[in-house]
Amino acid sequence: MAEWDRTVDLLVMGSGAAGMSSAIRAHDLGLDVLLVEKSDLFGGNSAMSGGVCWVANNPRMAKEGIADSDEDGFTYLKHITKGEVSDDMLWLYIRESKRVLAYLHENTHVRYVPLAKYTDYYPEAPGGRPGGRSMDPVPFDGSKLREDLLRLRRPHPQSQILGKWGITAREAQAAIGVGVKTMLFMAWQMFLYMLRHFKRKRWGRDTKLCAGNSLMGRLLFSMKERQIPAWTNTGVEELLFEGDRAVGAVINKEGERIRVRANRGVVLAAGGFSRNLEMRQQYQRRPITTEWTAGTPSNTGDAIRLGKDAGARLGLMDEAWWTPVSLVPKSPFSWVLVVEKSLPHGLFVNQDGKRFTNEAAPYIDVVNGMYDDVAKTGTSDPRWYHIFDASYRRSSIAGPIAPGKVMPDKRVPRRYRDGNYLFKADSIDELCEQLKIPASTVKSTIERFNQHALVGKDPDFNRGWSAQDRYYGDPSVKPNCSLGPVETPPFYAVQIYPGDLGTKGGVVTDAHARVLRDDGTPIAGLYAAGNSTASVMGRTYPGAGGTIGPALTFGFLAAEDAAAQETTESTQEAAE
């Protein structure tokens with residue numbers, strides 16, 4: 001029999017929401033757990049995300065007076081997944097996500113509040129809701145983590161106001177624009193930031209954790225209280241089997257190879273493959289690159305490749321949590337266009353100068369529209385641009401560039417000017433010359449767009465029809481807060497790309513988060529959750545938190561199934 005350097009009950013690969021949820025539940029069920037993270041920071045994609053969790057008919061909705069039911073939640077998911085996910089799996093998620101959320105609230109530091117006005121991404125669909133299912137993490141005092149705060153992956157730069165502090169999803173809507181309320185809100189936040197001066201000085205970063213940093217800070221603190229071993233700079237090199245059962249792994253801890261026996265199993269929760277160019281080119285539509293993702297650099301598909309080598313079936317490998325992005329100079333992460341795409345006085349055009357989709361649609365649909373556009377035009381040089389006018393520039397953000405009332409053109413950093421990020425011209429003809437797209441077509445496109453914007457309807461793509469489209473709109477613009485004519489010079493443009501928040505394809509799992517073979521049978525002792533798996537949401541996105549909700553849920557279920565199994569040692573003894 002092979003010698004083991006360490007023996008545990010459950011080995012968890014990855015430190016995002018799925019991994020920590022699994023480790024905490026396993027510990028609470030009496031298992032000896034080891035969590036390993038290949039990078040030097042905890043939190044994975046989850047720490048850089050909005051941290052929002054989508055749970056239908058969650059108990060917090062009733063407290064906000066928002067009506068919902070399990071049946072409506074199922075009807076909604078059934079409709080938007082278009083029959084590609086089994087009814088059993090959808091019902092499982094509806095039921096178990098509520099239980100997991102309740103457990104985390106009662107037994108850990110995880111705290112969520114419903115976003116009463118944050119709509120489902122398809123609120124008009126059967127069973128859809130205008131708010132409440134997406135839940136926002138309550139801010140967390142990171143100083144409670146002490147030295148471990150420095151081991152928590154920092155938030156995406158985009159989520160930091162003035163590059164200094166974070167805000168909640170609820171507050172984000174209030175921070176849009178340059179009105180009096182926004183200015184007062186920003187002044188108050190700056191005051192609170194100043195009050196945290198001594199904490200920041202001690203820990204080297206702001207200690208008010210919001211969004212994904214709040215969620216992961218709370219989970220990490222819950223693990224710390226339980227004294228669950230968690231190793232950074234530790235990658236999994238190989239899964240180890242006895243017969244058909246996964247019984248452990250070879251891990252590499254800072255150059256030291258360690259054979260770890262896992263009596264109850266191994267959980268693959270190391271994220272997707274958004275930073276693996278070879279895998280992206282193998283499985284996904286072109287054009288594709290690793291430069292357009294907002295995901296963490298450590299998302300290189302390690303868990304998926306280990307699962308495949310073990311005989312796992314793969315699914316949804318051509319999919320991702322798509323979002324249009326822009327590329328900010330000197331930033332290692334793309335800038336996600338969640339807000340900009342819905343604001344009035346702007347539109348998206350392709351290399352031919354034509355609109356191609358509803359710009360304000362759910363971001364996954366916008367990118368699908370970009371890829372559909374490539375298929376339709378057959379171009380070998382696909383390009384897309386966000387074109388907007390002075391009205392937009394004066395009151396709205398453009399990536400890292402603040403509204404003109406706050407940051408006039410002369411104060412825009414040089415690295416963003418002159419087409420390095422932001423294009424500017426006094427006329428559409430001049431702008432199109434810079435972009436190398438046909439001015440005559442662009443002017444015709446804008447003329448038609450403006451005519452429809454004035455009456456508040458978009459017969460071409462129905463922009464602003466859905467409540468989702470209007471969530472980040474400008475309420476001062478009538479009759480449609482998401483539509484406004486592009487007519488006031490100077491004119492501006494930012495090049496946009498088909499980016500993502502992370503990939504959503506991977507090993508296929510069952511209701512117990514067990515990894516399945518091609519023939520549908522489970523691989524004993526091998527579990528997976530999060531972006532290492534083919535998502536229970538199929539090819540769609542139910543609402544903000546459609547990634548985190550399943551990650552927490554299936555990581556939790558993996559731990560419960562592992563705890564219910566006989567240990568490999570007891571199985572071996574029985575055989576003898």
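The rules we used
- Residues numbered from 1 in each chain as written.
- Predicted model: local features only at pLDDT ≥ 70, side-chain atom pairs only at ≥ 80, totals over all residues.
- Heavy atoms only, no water.
- Helix = DSSP H or I, 4+ residues; strand = E, 2+ residues; numbered from the N terminus.
- Rg over C-alpha atoms; globule rule 2.2 N^0.38 Å.
- Contact = heavy atoms within 4.5 Å.
- Core = buried A, V, L, I, M, F, W, Y, C linked by side-chain atoms within 4.5 Å.
- Buried < 20%, exposed > 50% of the residue type's maximum accessible area, 1.4 Å probe, protein only.
- Pairing = 2+ DSSP bridges.
- Salt bridge = Lys/Arg side-chain N within 4 Å of Asp/Glu carboxyl O.
- Phe/Tyr/Trp six-rings, centres within 6.5 Å; stacked < 30°, edge-to-face > 60°.
- Lys NZ or Arg CZ within 6 Å of the ring centre and 35° of its normal.

Asks: Got a minute to help me understand the overall build of the protein chain in this structure?
Replies: Per the secondary structure count, the protein chain includes 18 helices and 23 strands. Its C-alpha radius of gyration of 24 Å places the protein chain within 12% of the 25 Å reference for a compact globule of 576 residues. The principal-axis extents of the C-alpha atoms in the protein chain amount to approximately 85 × 55 × 50 Å. Put simply, 73% of the contacts in the protein chain that link residues at least 6 apart link residues at least 24 apart.

Asks: Quick question: what am I supposed to make of the environment of methionine 61 here?
Replies: If you trace the backbone, methionine 61 turns up in helix α3 (residues 59-63). As for methionine 61 and methionine 135, which are separated by 74 residues in sequence, their C-alpha atoms are 9.3 Å apart. With residues near it in sequence (within four places) discarded, methionine 61 still touches Val55, Ile66, Ala67, Asp68, Pro114, Gly131, Gly132 and Arg133.

Asks: Can you help me understand the nonpolar core in this one?
Replies: Counting 107 residues, the largest nonpolar core has Leu77, Tyr112 and Phe554 as the members making the most contacts within it. Residues Met13, Val36, Ala246 and Val260 belong to the second largest nonpolar core, which totals 24 residues.

Asks: Mind showing me how you'd approach the sheet that holds strand β5 (residues 134-137) here?
Replies: Across a sheet, paired strands are connected by hydrogen bonds in the backbone, their directions being either parallel or antiparallel. Read from one edge of the open sheet, three strands run β3-β5-β4, paired in antiparallel fashion. With partners counted over all chains shown, the strands left at the sheet margins are β3 (53-54) and β4 (112-114), one partner each. Taken together, the three bridges between β4 and β5 define a ladder with antiparallel strand orientation. Note on β5: the bridge partner recorded for tyrosine 112 is proline 137.

Asks: It is not clear to me how the pattern of salt bridges should be interpreted in this structure. Could you clarify?
Replies: Opposite charge on two side chains makes pairing possible when the charged atoms of those side chains draw close. All chains considered together, the criterion is met by 32 salt bridges. The partner of glutamate 242 in a salt bridge is arginine 261, with the nearest N and O atoms 2.9 Å apart. Of the two residues, glutamate 242 sits in strand β11 (residues 234-242) while arginine 261 sits in strand β13 (residues 256-268), which places them 19 residues apart along the sequence. Residue arginine 261 is classed as buried on the basis of its relative accessible area, which comes to 3%. One salt-bridge network, held together by shared partners, links Arg25, Arg95, Glu96, Arg99 and Glu560.

Asks: Would you take a moment to explain unusual backbone geometry for this structure?
Replies: It is generally the case that most residues other than glycine have a negative phi and that most peptide bonds are trans. Residue proline 479 follows lysine 478 across a cis peptide bond; omega there is 0°. Along the chain, proline 479 turns up in the loop between α16 (467-470) and β20 (491-503). The omega angle of the peptide bond from proline 489 to proline 490 is 0°, so this bond is cis rather than trans. Structurally, the position occupied by proline 490 is in the loop between α16 and β20.

Asks: Honestly, the pairing of β11 in this entry has me stumped. Any pointers?
Replies: The side chains of a regular strand alternate, first on one face of the sheet and then on the other. With eight bridges connecting them, β11 and strand β12 (residues 245-253) associate as antiparallel partners. Note on β12: the bridge partner recorded for valine 236 is isoleucine 251. Linking β11 to β12, which pair antiparallel, is a turn of two residues; within it glycine 243 sits at a positive phi near 65°.

Asks: Would you explain the packing of aromatic side chains in this entry?
Replies: The geometry of an aromatic ring pair is captured by two quantities: the separation of the ring centres and the angle between the planes. The full count for this structure, using the stated rule, is 19 aromatic pairs. Measuring from ring centre to ring centre gives 5.3 Å for tyrosine 363 and tyrosine 541, while their planes differ by 85°; the resulting arrangement is edge-to-face. Taken together, the positions of tyrosine 363 in helix α12 (residues 363-377) and tyrosine 541 in the loop between β23 (522-528) and α17 (548-564) put the pair 178 residues apart, joining distant regions of the chain. Across from the ring centre of tyrosine 103, 4.6 Å away, lies the NZ or CZ of arginine 25, which sits over that ring. Sitting above the plane of the tryptophan 4 ring, arginine 259 keeps its charged end 5.0 Å from the centroid.

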